[in-house]
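# Summary of the model geometry
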Amino acid sequence: MAWYESCGNVRGVLLDISGVLYDSGDDGGIPIDGSIDAVKRLKSSDLQVRFCTNESQITREKLVTKLRKLGFDIESKEVFAPPPAVCHVMKERGLRPHLLVHPDSMPEYKDIDTTNPNCVVIGDAADSFSYENLNTAFRVLMGLENPVLLSLGRGKYYKETDGLKLDVGAYMKALEYACDCQGEVVGKPAKAFFMSAVEDMGVTSQTTLMVGDDIVNDVGGAQKCGLRGIQVRTGKFRPSDETHPDVKPDGFVDNLAQAVDLLLTNRNK
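Here is a short report on the structure shown in this document. (Residues numbered from 1 in each chain as written. Predicted model: local features only at pLDDT ≥ 70, side-chain atom pairs only at ≥ 80, totals over all residues. Heavy atoms only, no water.)

## A look at the overall build of the chain
Condition: Per the convention used, a helix needs a DSSP run of H or I reaching at least four residues, while a strand needs a run of E reaching at least two, with both numbered from the N terminus. Only C-alpha atoms enter the radius of gyration, while the globule expectation follows 2.2 Å times N to the 0.38, with N the number of residues. Contacts: residue pairs with any heavy atoms within 4.5 Å of one another. Calculation of accessible area relied on Shrake-Rupley with a 1.4 Å probe; when residues are assessed, cover is drawn exclusively from the protein chains displayed. Positive charges come from Lys and Arg alone, negative charges from Asp and Glu alone, with His and the N- and C-terminal ends not counted. Here the site of a charge means atom NZ of a Lys, CZ of an Arg, CG of an Asp or CD of a Glu.
From N to C terminus, the chain includes eight helices and 14 strands. Expected size for 269 residues packed as a compact globule is a radius of gyration near 18 Å; at 18 Å, the chain falls within 12% of this value. Dimensions of the chain along its principal axes, counting C-alpha atoms only, are 60 × 35 × 35 Å. For the chain, the proportion of contacts with a sequence separation of at least 24, taken over those separated by at least 6, is 65%. Accessible area for the chain stands at about 12,400 Å²; split by element, carbon and sulfur atoms hold 47% of it. The average position of the 31 basic charges and that of the 39 acidic charges among the side chains of the chain differ by 3 Å.

## Looking at the pattern of salt bridges
Inclusion rule: We define a salt bridge as a side-chain nitrogen of Lys or Arg found within 4 Å of a carboxyl oxygen belonging to Asp or Glu. Relative accessibility under 20% of the residue-type maximum defines a buried residue, over 50% an exposed one, and the middle range a partly exposed one, all with a 1.4 Å probe and only protein chains included.
This model, assessed by the stated rule, comprises 17 salt bridges. Here K165 ties to D162 by a salt bridge, and the two come within 3.3 Å at their closest N and O atoms. K165 gets classed as partly exposed once you look at its relative accessible area, which sits at 25%. Exposure remark for D162: the relative accessible area of 56% places this residue in the exposed category. Between E242 and R233 there is a salt bridge, and its shortest N-O distance comes to 2.8 Å.

This is the structure in structure tokens:
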């Protein structure tokens, strides 16, 4: 049975942003065909909708402003992103970070004590992933009796308008290897991250659908939480995803527009 033939109980939808709504880039990015209208249709239905992203280069507010300029109907309170989540984690655990993050995301950490660091937070720092900056993070971790490495996602790569880009996961793995420690992911595919969005919608994992372009962290991560995972053939999608050895999406769609059309057409049959 096709995924959309058994979606009558779906009450909530989680959407990835980069690679599903738009392809990011230095020029602000470009919407993926049909995605603006697809979001509008979802939000006009009786479904709950949240946006679940691993974007960590800019603040949540700047991301929402950028997306609204592109034409998307989206509000900050609907967006779940790693920087606010990791700040919550650090405050709960009394952690003081050394921040290896993108300069444009620094306002997210304005209320966080960074004196005498007892952990490292690593995000998608892009050009700030220099040898000097990575080595400084390495030295902080090596100086701790019990190294704590918090990573804002673990993606291998993502797609921008000018091609594929290395993601934070590659640098997280380098620090794990060098420091002989295990990083903690705050963001997808962490269960707590998915479930915070599900709970905010007031639904259950069994009645939630995740749409993403990352077969491991979006689709696989969602499925491990009991959600249904739909893979789009946009963004970072690769043809090999259709025969992935470990993750079997509940369905493949060409893009978000097709997913929304199939969902809304079939869920009330």
